[in-house]
Amino acid sequence: MALRDDLEKILRAWNSYELARQAPAVIDFDCSPGHQNSAGTPLDRLTAYQEILKVQKAAAEQSDAALADRAYAHLTYLRALMGERDPLDSYVLATQGCHAKSWPEPYIQQVGETARACLDSMGIQWSAETRTVLANHEQIVDPVDAPDAIEQAARELESAVRNVARTSAPFTLRVETTNLDAYWAYWTDGIGQDVRVRLNMKQAQFTRVLIRQFALHEVLGHGLQGASYSQRCSAESVPWVRLLSVHAQQQVMLEGLAQALPLFIIPEDELLITRVRLDHYTQLVRSAIHVALNQGSSVESCVKYAKEHVPYWSNEDIADLLTDRGADPLLRSYQWSYPAGIDWFVNLADANAPEAATIIQSAYRDPLTPNELANLWPSGPAFGGTGHTALVGKL
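Residues numbered from 1 in each chain as written. Predicted model: local features only at pLDDT ≥ 70, side-chain atom pairs only at ≥ 80, totals over all residues. Heavy atoms only, no water.

Colleague: What am I meant to see in the packing of aromatic side chains here?
Modeller: How two aromatic rings sit relative to each other is given by the distance of their centres and the angle of their planes. Taken as a whole, this structure holds nine aromatic pairs when the rule is applied. Ring plane angle 45° and centroid distance 6.1 Å describe the contact between Trp14 and Tyr77, whose orientation is recorded as tilted. Residue Trp14 is found in helix 1 (residues 2-20), and its partner Tyr77 is found in helix 3 (residues 65-81); the two are separated by 63 residues along the sequence. Overall, the relative accessible area of 0% leaves Trp14 in the buried class. With a centroid separation of 5.7 Å and 70° between ring planes, the pair formed by Tyr229 and Trp240 is classed as edge-to-face. Highlighted residues: Tyr229 in helix 8 (residues 208-235) and Trp240 in the loop between helix 8 and strand 5 (243-244), separated in sequence by 11 residues. Taken individually, Tyr229 and Trp240 each receive the classification buried, so the pair is uniform in this respect. What links up through ring pairs into an aromatic cluster is the set Trp344, Phe345, Trp377 and Phe383. Cation over ring: Arg116 sits above Trp126, and NZ or CZ is 5.7 Å from the ring centre. The residue whose ring lies beneath Arg116 is Tyr281, and the NZ or CZ to ring-centre distance is 5.7 Å. (Phe/Tyr/Trp six-rings, centres within 6.5 Å; stacked < 30°, edge-to-face > 60°. Helix = DSSP H or I, 4+ residues; strand = E, 2+ residues; numbered from the N terminus. Buried < 20%, exposed > 50% of the residue type's maximum accessible area, 1.4 Å probe, protein only. Lys NZ or Arg CZ within 6 Å of the ring centre and 35° of its normal.)

So, in structure tokens, the structure goes:
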């Protein structure tokens, strides 16, 4: 484990450097017992790159492919932070561990039809007002009441998630509010059994349904998974890097399962399942724009596609989407985990695959990569799409 420990030490020092300059964190969940405060002297990006490169080469020489791949994800992200711009597919493959090919337009439309059918069953039309009408239908919650409502929903759903995930890991939850001009509405990070959830009040919207979705996604998805990994790391020696980073290969599994978790936990909740179906569709639409933008399509053509496919997205929504996926080194990688992950896990749920129980339990035991998930369900769809679409590149 010496090389693994060396990489963790470097990551902590690099993380300290990024935080000091108010840049995005390198570490989002620290599952390693007893080392959380051992960051050492901060490492600048170039020094961190040189040190990680040594680990990556040594891991390759020792045939430790998993560690070499994880180190390579950090190297690729660091090169992007320092100005290098890889083609999207190779960049995402190195960081998220899957291809970035998007999905055929007929498939995207099929997923959209499923989402619209759910809305139709509630008498909600597909229009520029869909988001507003849906929120009113779900009963809007005052933002002041949101933190307590989230904790209550998490308590009500916790036993059901634990039964499916087979985890007994304890955790403490801290819900904080902030008001940032950033893309994210919710964010979860933590150390050991201490889970912090942040609500960005500038972006967040709260309804009774979204509260349940949030509790499953952020608290009982990301938070309980991080605590479960930490519990295992305290009890035994694990082979994987005990620091989670959103630009690394476990993120597709984390975001995918978190988004699709209602399908496995409370499939009878029609309102919440509608949200999952709608998210599945809109994530695929985002994926098509993500790929097209990075293949040289114009802003105008991407905007046209967005407005045709999701009529309730505002100009600000679309502009932020383009900025995040086209220019930001972190989000250009990390945002791909959402469509790649939700599509795979929704298909797993819809297939009623017998492997699902094992996969979910494994996902709360190990931070799995797309390749590891594919090995658990060999008949599942390709992560990141097939690329067989006439749309991308011609927007």
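Colleague: Would you take a moment to explain the state of the cysteines for this structure?
Modeller: Disulfides are covalent bonds that link the sulfur atoms of two cysteine residues. Under the defined criterion, the tally for this structure stands at zero disulfides. Cys233 takes part in no disulfide bond, and the closest cysteine sulfur to it belongs to Cys31, at a distance of 5.6 Å. Accessibility expressed as a relative area gives 7% for Cys233, which makes it buried. The cysteine Cys302 is free of any disulfide, with Cys98 supplying the nearest cysteine sulfur at 20 Å. The class for Cys302 is buried, based on a relative accessible area of 1%. (Disulfide = S-S within 2.5 Å.)

Colleague: I tried to follow the pattern of salt bridges on my own but got confused; where do I start?
Modeller: Opposite charge on two side chains allows them to pair when their charged atoms are near. Taken as a whole and judged by the stated rule, the model has 20 salt bridges. Between Glu18 and Arg45 there is a salt bridge whose closest N-O contact spans 2.7 Å. Here Glu18 is found in helix 1, whereas its partner Arg45 is found in helix 2 (residues 45-61), with 27 residues between them in sequence. The burial state of Glu18 is the same as that of Arg45; both residues are buried. Taken together, the shared-partner salt bridges connect Arg174, Glu176, Asp189, Arg196 and Arg198 into one network. (Salt bridge = Lys/Arg side-chain N within 4 Å of Asp/Glu carboxyl O.)

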